Amino acid sequence: MTATEPSKAEEGGEERRPKIETFDDILPYVGEAGRYQWLLFVILLPFTFVYAFLYFAQFFITLVPEEHWCKIPELDRLNLTDEQMTSLWIPRADEDEVKMNNIPFSRCKMYIVDYAKVLDENLTQAITSWPKGPCQNGWKFNQTMIPYLSIGAEFEWVCENTYLGSAAQSAFFVGSIVGGLIFGYIADHYGRIPALVSCNAVGFFASIATALCNNFVSFAICRLIVGTSFDNCFNILFIIVIEYVGPKYRTLVANMSFGIYFAAAAGLLPWIAYWIADWRILSVVTAVPLVTAFLGPWIVPESARWYITVGKVDKSIEMLKKFEKVNRKTVKQEVYDEYEKSCISMMQNDKKHNKYTVFDLFKLPRLGRITVMLIIYWLLIILVFDGHVWNMKLLHPDVFTSFSLASMTELPAAILLALFLDKWGRRWMGFFSMLICGIFSFVAIVMPEGPATVAMAILARLGVNIAANIGFQYAAEMLPTVVRAQGVSLIHIIGYFAHIIGPYVIYLADVAEELPLICLGVLSIIDALLTLGLPETLDQDLPESLEEGNDFGKEQSFWWIPCISTSHVKKKKYRRKLGATNAGFNPGSLSRIDSTRL
């Protein structure tokens, strides 16, 4: 008989059952993976689409064709083809431009001559000795591979204004920092469902407003507001679903929600953009799944754990009884009575923990070093992940296919995690996944341009996907209970700064074409080595106090691999109390609300 399985065995005429000490102890009675849990898993679908659309839609809203050149109105009436225009009338690119952009003509210069006079003289080819200067009449774009004008193309964010697309993306993640604080406060003080509805409502209306933008400033403001809804638009419900699922099912539910839903959403988005071929309509269409949140109060249960934190134990029990009914279970009143007593005890312990702050993590030397390593570890993962997302546009002209294939790596990443994470452990699997990312980033550099390069970049993306899913839970397992929530929140809020600078990685190509992949490869290797400096958390007694956090993992051998040797491994004591220690997560998923209580 285990602690999570109620027994009908009797001794002396009395039923014997495990003691109800935590929320996870009562879940087997109301159902760990019954009808209600699977219903919640289905409800995750539209919210996962929201998450993926908010994360990646701006990539296609601002996408600019690599081939663009100065517009020459006098030549438009000649009905020249793009090839004739660029080969006869657009200045040839110098050697450095060709090396960096792999395009034989200049994208930012034109001949400064009187084209009307040139045409009167019946010239059919430019004279290379003519003076050159910046574009004076805007740009023309080759829409062969990208069949629409994005906002970046429409408002000509090219040449000296190329940075504006990345600046708008940075504004989005600045908004995420603000939104994390605002909606986190709402979630903590007014409930998870009000936070979920208000968060998605803000994202919905700001996404609609994006379609009405007519300049960079208005677009950046709208994207900043949309960014405030990012993460919490999905994460709040995700945490609710995970907390209502039994510990032994959380690895499957958490990883499969991303592996199936997120991969499908991110893989489908490029083709939605391609088919719609209008950035304004795309802004509206990608906002549609956000409408689901308005049904939240009627289809999503409030967090039973949040009810406990605000002292509403009766509401928590009421929610559990709803699960009991839908899952067709029968629970004796004495079980709920014992659960109520444990909740009261838990609240008293939480009051004791409230005296600690995130700064206490840095008061003990080893714990402070681990915290700093976790921060750097997560920053590098986010930087590499976003770098590979944005670098995809430089690797192959068919960005829709390459982006879709890269996004689909979420599914094999989830499957690999479900199969091997609880065997190999976080440390070595995190190391090998980032090592794979680094190796294939370097291999992509020496491969011939085209499908081969894209294939290597996709394998690198698979590696960082796995590492990101591991990285999210690492801090939640390693930091001590008394300050775990604040510590996880600190790490992920700092991680937003990597989101802000991630899009700028592609501008390294202006120095050397292969530099973005070199940078991503080096950062991946550094992150892989950094992983080996962290303790393993699989099957370990998770730290409660600051002192336990400081001593955590001291007895572990550097070469210890859980699936090979378990001779000195401590048995599980806190696994059920922490709960979601095996749950896989995606970069950006900040569970500051309940991750430490699941």
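Small disclaimer: the values here were computed from a predicted structure and weren't measured.

Draft legend 1. Main features of the overall build of the chain. Helix and strand counts for the chain come out as 26 helices and six strands. Looking at the chain as a whole, 58% of its 598 residues are labelled buried. Sequence separation of at least 24 residues holds for 80% of the intrachain contacts in the chain that already meet a minimum separation of 6. Surface exposure of the chain reaches about 24400 Å², of which carbon and sulfur atoms provide 61%.

Draft legend 2. The arrangement of the confidence of the model for the chain in detail. Mean pLDDT over the chain works out to 83, with 89% of the residues at or above the 70 mark. Taken as a whole, residues 1-5 scores under 50 in pLDDT and shows eleven contacts with residues more than four places along the chain or in a different chain. Across residues 8-14, confidence stays below pLDDT 50; counting only partners more than four residues off in sequence or on other chains, it has five contacts.

Draft legend 3. Representation of the packing of aromatic side chains within the structure. Enumeration according to the criterion identifies 45 aromatic pairs in this entry. Their ring planes at 20 degrees and their centres at 6.1 Å tell us that Trp428 and Trp559 sit as a pair that is stacked. On the criterion of sequence distance, the pair formed by Trp428 in helix α21 (residues 426-446) and Trp559 in the loop between α25 (546-551) and α26 (575-578) is long-range, its members being 131 residues apart. Note on Trp428: relative accessible area 6%, which makes it buried. Using a relative accessible area of 64% as the deciding quantity, one classes Trp559 as exposed.

Draft legend 4. Expanded view of helix α12 (residues 247-276). When the terminal C-alpha atoms of α12 are compared, their 42 Å separation across 30 residues agrees well with the 44 Å that a helix rising 1.5 Å per residue should span. Of all 30 residues making up α12, 21 are buried, and the element is well covered by its neighbours. Phi for Ala277, located one or two positions after α12, is positive at around 55 degrees.

Draft legend 5. Up close: the packing of helix α22 (residues 451-478) against helix α23 (residues 484-501). The N-to-C vectors of α22 and α23 enclose an angle of 150 degrees; their axes lie 9 Å apart at closest approach. Relative to α23, the element α22 is oriented roughly antiparallel. Crossing of α22 over α23 shows right-handed handedness. The residues of α23 that touch α22, namely those facing Phe472, Ala475, Ala476 and Glu477, are Arg484, Val488, Ile491 and His492. In the contact of α22 with α23, the residues fall into five nonpolar, one polar and two charged.

Draft legend 6. Here's a closer look at helix α4 (residues 82-89). Residues of α4 that are buried: Met85, Thr86 and Trp89. When α4 is viewed along its axis, its buried side chains cluster within an angular range of 115 degrees and face the same direction. In this structure, the buried side of α4 is in contact with β3 (68-70), α3 (73-76), β4 (109-111) and α6 (115-120).

Draft legend 7. Molecular detail of the side chain of Ser257. The topology assignment puts Ser257 in helix α12. On the basis of relative accessible area, Ser257 is assigned to the buried category, the value being 0%. Dropping the residues within four chain positions of it, Ser257 is found in contact with Phe41, Leu44, Thr48, Phe238 and Phe262.

Draft legend 8. Region of interest: the packing of α12 against helix α20 (residues 410-424). Closest axis-to-axis distance for the α12/α20 pair is 7 Å, and the angle between their directions is 165 degrees. It follows from the interaxial angle that α12 and α20 lie roughly antiparallel. α12 and α20 meet at a crossing whose hand is left-handed. Here α12 contributes Thr251, Asn255, Met256, Phe258, Gly259, Ile260, Phe262 and Ala263 to the contact with α20, which in turn contributes Glu410, Leu411, Ala414, Ile415, Leu417, Ala418 and Asp422. Here the contact of α12 with α20 is built from residues that sort into ten nonpolar, three polar and two charged.

Draft legend 9. The arrangement of the state of the cysteines in detail. Per the stated rule, a full pass over the model turns up two disulfides. Across the disulfide from Cys70 sits Cys135; the S-S distance is 1.7 Å. Here the S-S torsion is close to -70 degrees, and the disulfide linking Cys70 with Cys135 is therefore left-handed. Within this pair, whereas Cys70 is found in strand β3, its partner Cys135 is found in the loop between β5 (132-134) and β6 (139-141), the two being separated by 65 residues in sequence.

Draft legend 10. Quick look at a negative patch on the surface. Among the surface-exposed residues, Glu74, Asp76, Asp114, Asp120 and Glu121 lie close enough to one another that they form a single negatively charged patch. Here Glu121 lies in the loop between α6 and β5.

Draft legend 11. Spotlight on the environment of Met110. Structurally, Met110 can be placed in strand β4. Residue Met110 is classed as buried on the basis of its relative accessible area of 3%. Distance from Met110 to Asn137, taken between C-alpha atoms, is 9.9 Å for residues 27 residues apart in sequence. If we skip the residues at most four places from it in the chain, Met110 touches Cys70, Ile72, Pro91, Tyr115, Pro131, Lys132, Gly133, Pro134, Cys135, Gln136 and Asn137.

Draft legend 12. Expanded view of the side chain of Ser524. Among the structural elements, Ser524 can be located in helix α24 (residues 515-531). Residues within four places of Ser524 in sequence aside, it is in contact with Val384, Met434, Cys437 and Gly438.

Draft legend 13. Highlighting the environment of Pro194. As for its position among the elements, Pro194 is in helix α9 (residues 192-210). Take Pro194: its relative accessible area is 35%, and that puts it in the partly exposed class. Along the primary structure Pro194 and Gly296 are separated by 102 residues, whereas in three dimensions their C-alpha atoms are 8.6 Å apart. Setting aside residues up to four positions removed in sequence, Pro194 forms contacts with Ile186 and Glu302.

Draft legend 14. Here's a closer look at the nonpolar core. By size, the foremost hydrophobic cluster in this structure holds 153 residues, and its most contacted members are Phe56, Phe60, Tyr339 and Leu374. In terms of residue count, the dominant contributor to this core is helix α2 (residues 35-61) (18 residues). Beyond its immediate stretch of four places on either side in the chain, Tyr339 contacts Ile20, Phe23, Ile26, Ile308, Ser316, Ile317 and Leu320. Counting residues in each nonpolar core, the second largest holds 23 residues, with Trp69, Cys70, Trp89 and Trp130 among its members.

Cut-offs used in this document
- Residues numbered from 1 in each chain as written.
- Predicted model: local features only at pLDDT ≥ 70, side-chain atom pairs only at ≥ 80, totals over all residues.
- Heavy atoms only, no water.
- Helix = DSSP H or I, 4+ residues; strand = E, 2+ residues; numbered from the N terminus.
- Buried < 20%, exposed > 50% of the residue type's maximum accessible area, 1.4 Å probe, protein only.
- Contact = heavy atoms within 4.5 Å.
- Areas by Shrake-Rupley, 256 points an atom, 1.4 Å probe, with all protein chains shown as cover.
- pLDDT = per-residue confidence, 0-100.
- Phe/Tyr/Trp six-rings, centres within 6.5 Å; stacked < 30°, edge-to-face > 60°.
- Expected span 1.5 Å × (residues − 1).
- Axes fitted to C-alpha atoms, helices over the stretch in contact; angles between N-to-C directions.
- Parallel < 35°, antiparallel > 145°, perpendicular 65-115°, else oblique.
- Left-handed = near helix turned anticlockwise from the far one by under 90°.
- Nonpolar A, V, L, I, M, F, W, Y, C, P; charged D, E, K, R; others polar.
- Arc of directions from axis to C-beta.
- Disulfide = S-S within 2.5 Å.
- Patch = residues over 30% accessible without salt bridge, like charges linked within 9 Å, V, L, I, M, F, W, Y side chains within 5 Å.
- Salt bridge = Lys/Arg side-chain N within 4 Å of Asp/Glu carboxyl O.
- Lys, Arg positive; Asp, Glu negative; His and termini not counted.
- Charge placed at Lys NZ, Arg CZ, Asp CG, Glu CD.
- Core = buried A, V, L, I, M, F, W, Y, C linked by side-chain atoms within 4.5 Å.

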